[in-house]
Amino acid sequence: MTELPRIARLSSVCPHDCPSACSLEVEVIDGKTIGRVRGNKRQSYTDGVICAKVARYAERIHHPDRLLYPLRRVGPKGSGAFERISWDEALDEIAGRFLAIEAEHGAEAVWPYYYAGTMGLVMRDGINRLRHAKRYSGQYSTICTTTAWTGFIAGTGKLAGPDPREMAKSDCVVIWGTNAVHTQVNVMHHAVKARKERGAKIVAIDIYRNATLDQADLALVLKPGTDGALACAVMHVLFRDGHADRDYLARFADVPDELEAHLATRTPEWAAAITGLSIAEIEEFAALVGTRKKSFFRLGYGFARQRNGAVNIHAASCIPTVTGAWQYEGGGAFHSNSGIYKWRKGLIEGLDKIDRSVRQLDQSQIGRVLTGDAEALREGGQVRALFIQNTNPVTVAPEQELVKRGFARDDLFTVVHEQFMTETALMADIVLPATQFMEHDDLYQGGGHQHIMWGGKLVDPPGECRSNHEVICALSQRLGAEHRGFTMTPREIVDWTLQETGRGTLEELVANDFLDVQPDFETAHYLNGFGWRDGKFRFKLDWTKVPNSNAGLVGPHEALPALPDHWGVIEAADEEHPFRLATSPARNFLNSSFTETPTARKKEGAPTLMLHPEDAAGLGIAAGDHVTVGNRRGTVELDAVLFDGLVRGVVIAESIWPNGAHRGGRGINTITGADSPAPYGGAAFHDNKVWIRKAV
């Protein structure tokens, strides 16, 4: 009689770059194989719901193309010619090269480079402990949150908001700047619950009719970068029609009378001309949030992808302040709860070793850095060595032609610690095989909710894969880097971090899987005052004093409007470039993760460009035609998809496909820019003017 496999259902956490940070229940078969992955019903935000990408995770963790052994390049960069070597050989060569570069060019010639391939605090951020101990070049992380966080904090004074589970208790859920069906399925779960149980209305605002707008009661499709104009017109109507809560404004806002006077000319007619919305749509939206005081504004990262993103998200967050929605359960504005955790990360990141004189290089400008741009290098010397974990810049960074040229330098020594042979790993001199999240221990937080979560090791890694922490500690010994974090296990570091932060012990967290740290209602709704010293929400801003960065002011910060407005610094279409392109998230990919899994690739099909049928007709383009999209940064080839859920003149490329999936080998980030949005930088991935032609 055949013995049935033993199936254990164990807890874990999704590690990917998503605000949902879902608590998981994972089937482990016979102690070594991953089966089904489900959402953990016990965690009240995840509530048993996860995205299809993660539900299929067995396909990724047991993928036959995983990297299993250290490799050394033996052919030209990018050729894929590698030989297997031992871990000792790999680590000795890396340390030897780093030490030689440091001796000749200084420690700042080495640049550890990372981002959010895992959101685990130890495995993601531990690279900074090595950076600080060695005084290697710093990294200013701009590729995702900087612009949106700055704009939200500008009004509230801190990065926090109402309990996101309150969406289910709202009378109107406004999902603005995020395609939640693709990127935050839990937002839709709670919003739909409010509609079913309370008759709530769902408003979705985005730059094309996507899967989230398809589920909305009111779907608003506006031109990219015009959110501020919509917000101002809505507030104009709120004041005009008596929906502004003047008592609340007198207690909790800085200059309500000045705001009202400023908005007198920001009419629906004015905004309709800018946004592409109709006057009726703007009036309907304003009436809805004006009469339903329990309106919950769920503001997403789409705001961060425009050059005027900080101004736009601030303007959107002003609406619930005008209505007084913050006072009510199910009301207010939420972007991220990252400000509630207050981690003491000294041990994880080696913060006691920071040298403030070491230069900070902009992550988004890696192409400029590697090709010797003096401003990007902060007037310092060339970067001669890269150590990369948790990111794939040869696919995901803007200005790809510069990025690829930089990685191709013969005098650049590159080490990539990865799970698959990504396009960045193909450019490396040494490739190291990395664990996946079920193969190591780590600590997580929810940006889109309020839980601290434990994700413990469930299975052994395949081959010779090692975790980020193991690699950093092994390198530290060879490099002479000293810090007590290098001598500790991830569990010991997590236990110290929890206790130092006042969040109990690791033993307690493991016993419960997660910890709900949502602030009390009065704090979360700012009923004791907003985060500014006077307790007032800021309508009127000195952008140079918004507490989100110490990296210095960038971009046209002198021209930032003091009051909410439409700020026209976007890359506007012109005669040569008559279209505006956004590179919105694909449903089955997460940045460049999951592009290697067969089901995800099959569901996505091929790299495509959505065009309005009338725009396509004017260009002589039919559905399925190959098209070339270009600007001064380069060109990309995609397949045309005709779609009437766009504003004329706007095109969408749902991404990020590998460069190699495109004809010609140039991916979509060939034509995205790396110039820094005001006031503190960022990456304006959805803000591009382009021309389009039928490919020959």
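Above this note sits the structure.
The paragraphs below set out a description of the structure included in this document. Quantities reported herein were computed from a predicted structural model and do not represent experimental measurements.

Here is what the cut-offs are and how they apply
Residues numbered from 1 in each chain as written. Predicted model: local features only at pLDDT ≥ 70, side-chain atom pairs only at ≥ 80, totals over all residues. Heavy atoms only, no water. Helix = DSSP H or I, 4+ residues; strand = E, 2+ residues; numbered from the N terminus. Rg over C-alpha atoms; globule rule 2.2 N^0.38 Å. Buried < 20%, exposed > 50% of the residue type's maximum accessible area, 1.4 Å probe, protein only. Pairing = 2+ DSSP bridges. Axes fitted to C-alpha atoms, helices over the stretch in contact; angles between N-to-C directions. Contact = heavy atoms within 4.5 Å. Core = buried A, V, L, I, M, F, W, Y, C linked by side-chain atoms within 4.5 Å. Phe/Tyr/Trp six-rings, centres within 6.5 Å; stacked < 30°, edge-to-face > 60°. 1 Å grid on protein atoms, 1.4 Å probe; cavity = no way out; pocket = protein on both sides within 12 Å on 5 of 7 lines; lining within 4 Å. Points joined across faces, edges and corners; volume = space filled by probe spheres on them. Nonpolar A, V, L, I, M, F, W, Y, C, P; charged D, E, K, R; others polar. Polar contact = N/O pair within 3.5 Å; in protein donor to acceptor, adjacent residues only side chain to side chain. Parallel < 35°, antiparallel > 145°, perpendicular 65-115°, else oblique. Left-handed = near helix turned anticlockwise from the far one by under 90°. Salt bridge = Lys/Arg side-chain N within 4 Å of Asp/Glu carboxyl O. Expected span 1.5 Å × (residues − 1).

**Quick look at the overall build of the protein chain**
So, point 1. Helix and strand counts for the protein chain come out as 25 helices and 25 strands.
So, point 2. Compactness check: the protein chain gives a C-alpha radius of gyration of 25 Å against a globular reference of 26 Å for 696 residues, within 12% of the reference.
So, point 3. Dimensions of the protein chain, computed from the C-alpha atoms along their principal axes, are close to 70 × 65 × 60 Å.
So, point 4. The 696 residues of the protein chain split such that 62% are buried.

**A few points about the sheet that holds strand β10 (residues 218-221)**
So, point 1. Within the open sheet, the five strands sit side by side as β10-β9-β8-β11-β12. Their pairing is parallel. Of all the strands in the sheet, the pair left with one neighbour each is β10 and β12 (332-334). Adjacent strand axes in the sheet meet at a mean angle of 15° when their direction is disregarded.
So, point 2. Bridge analysis of strand β8 (residues 172-176) against strand β11 (residues 295-299) gives five bridges, and the strand direction is parallel. Bridged to Trp-176 within β11 is Leu-299.
So, point 3. The strands touched by helix α15 (residues 309-323) within the sheet are β8, β11 and β12, with β11 carrying the most contacts at an inclination of about 165°.

**Considerations on the nonpolar core**
So, point 1. Judged by nonpolar contacts, the single largest core of 92 residues is most densely connected at Trp-176, Leu-230, Phe-285 and Phe-539.
So, point 2. It is helix α10 (residues 227-240) that provides the largest number of residues to this core, a total of ten residues.
So, point 3. Not counting chain neighbours up to four residues away, the residues in contact with Leu-230 comprise Trp-176, Ile-205, Leu-220, Leu-222, Thr-275, Leu-277, Ile-282 and Phe-285.
So, point 4. Core analysis: the second largest hydrophobic core is formed by 30 residues, Ala-90, Ala-95, Tyr-136 and Phe-413 among them.

**Considerations on the pairing of strand β17 (residues 442-445)**
So, point 1. Alternating positions in β17 separate into two faces, Asp-442 and Tyr-444 on one and Leu-443 and Gln-445 on the other, with burial throughout.
So, point 2. Two strands pair when backbone bridges link them, and β17 and strand β18 (residues 451-455) are joined in this way by four bridges, in the antiparallel orientation. In the sheet register, Leu-443 faces β18, and the bridge partner there is Trp-454.
So, point 3. Counting the residues that bridge the hairpin from β17 to β18 gives five residues.

**Regarding the packing of aromatic side chains**
So, point 1. Going through the model one piece at a time under the given rule, you end up with 16 aromatic pairs.
So, point 2. Taken together, a centroid distance of 4.9 Å and an interplanar angle of 80° make the contact between Tyr-57 and Phe-437 edge-to-face. Here Tyr-57, found in the loop between α1 (52-55) and α2 (58-61), pairs with Phe-437, found in the loop between β16 (430-433) and β17; they are 380 residues apart in sequence, far enough to count as distant. Taken individually, Tyr-57 and Phe-437 each receive the classification buried, so the pair is uniform in this respect.
So, point 3. Aromatic pair Tyr-341 and Trp-343: ring centres 6.3 Å apart, planes at 10°, arrangement stacked.

**Concerning the layout of surface pockets**
So, point 1. Within this model, the second largest pocket holds a volume of roughly 230 Å³.
So, point 2. In this structure, the second largest pocket is lined by 16 residues; those nearest its centre are Asp-362, Gln-365, Arg-378, Val-554 and Ser-676.
So, point 3. In terms of residue class, the lining of the second largest pocket is built from five nonpolar, five polar and six charged.

**Digging into the side chain of His-236**
So, point 1. Among the secondary structure elements, His-236 is positioned in helix α10.
So, point 2. Polar contacts involving the side chain of His-236 include one to the main-chain carbonyl oxygen of Leu-263, which spans 2.8 Å.
So, point 3. Those residues within four positions of His-236 in sequence are excluded, and the remaining contacts are Leu-263, Ala-264, Arg-266, Thr-267 and Pro-268.

**Quick look at the packing of helix α3 (residues 87-105) against helix α20 (residues 468-479)**
So, point 1. The geometry of α3 relative to α20 is characterised by a closest axis approach of 9 Å and an angle of 55° between their N-to-C directions. The angle between the axes of α3 and α20 places the two elements in the oblique class. When you trace α3 past α20, the crossing you get is right-handed. On α20, the residues that touch Trp-87, Asp-88, Leu-91, Asp-92, Ile-94, Ala-95, Phe-98 and Leu-99 of α3 are Val-471, Ala-474, Leu-475, Arg-478 and Leu-479.

**Observations regarding empty space enclosed by the protein**
So, point 1. Scanning the model with the defined rule gives one cavity of 30 Å³ or more in all.
So, point 2. Considered as a void within the structure, the largest cavity measures approximately 40 Å³ in volume.
So, point 3. Along the walls of the largest cavity sit Lys-158, Ala-160, Gly-161, Asn-337, Ile-340, Gln-518, Pro-519, Thr-523, Ala-524 and Tyr-526, which together make up its complete lining.
So, point 4. Classifying every residue of the lining of the largest cavity by side-chain character gives five nonpolar, four polar and one charged.

**Here we look at the environment of Gly-346**
So, point 1. Relative to the assigned elements, Gly-346 resides in helix α16 (residues 346-349).
So, point 2. In sequence terms Gly-346 and Leu-646 are 300 residues apart; their C-alpha atoms lie 47 Å from each other.
So, point 3. With sequence-adjacent residues up to four places away left out, Gly-346 is seen in contact with Leu-351, Asp-352, His-483 and Trp-496.

**Things to note about the pattern of salt bridges**
So, point 1. Under the defined criterion, the tally for this structure stands at 52 salt bridges.
So, point 2. Linking Lys-41 and Asp-47 is a salt bridge whose minimum nitrogen-to-oxygen distance equals 3.2 Å.
So, point 3. Overall, the relative accessible area of 14% leaves Asp-47 in the buried class.
So, point 4. Measuring nitrogen to oxygen at the nearest pair gives 3.0 Å for the salt bridge that ties Glu-349 to Lys-345.
So, point 5. Overall, the relative accessible area of 14% leaves Glu-349 in the buried class.
So, point 6. Under the relative-accessibility criterion, Lys-345 is labelled buried at 15%.
So, point 7. Linked by salt bridges that have partners in common, Arg-307, Glu-571, Arg-580, Arg-633, Asp-675 and Asp-687 make up one network.

**Structural notes on α10**
So, point 1. Over its 14 residues, α10 extends 20 Å from the first C-alpha to the last, a length consistent with the 20 Å expected when each residue adds 1.5 Å.
So, point 2. Where burial is concerned, most of α10 is hidden: 13 out of the 14 residues are buried.

**Comments concerning the pairing of strand β6 (residues 110-114)**
So, point 1. The buried fraction of β6 is high, at five of five residues.
So, point 2. In β6, alternate side chains face the same way, and those of Val-110, Pro-112 and Tyr-114 on one face and Trp-111 and Tyr-113 on the other are all buried.
So, point 3. Across five bridges, the pairing between β6 and strand β14 (residues 385-389) is parallel. The residue bridging Tyr-114 from the neighbouring strand is Gln-389, located in β14.

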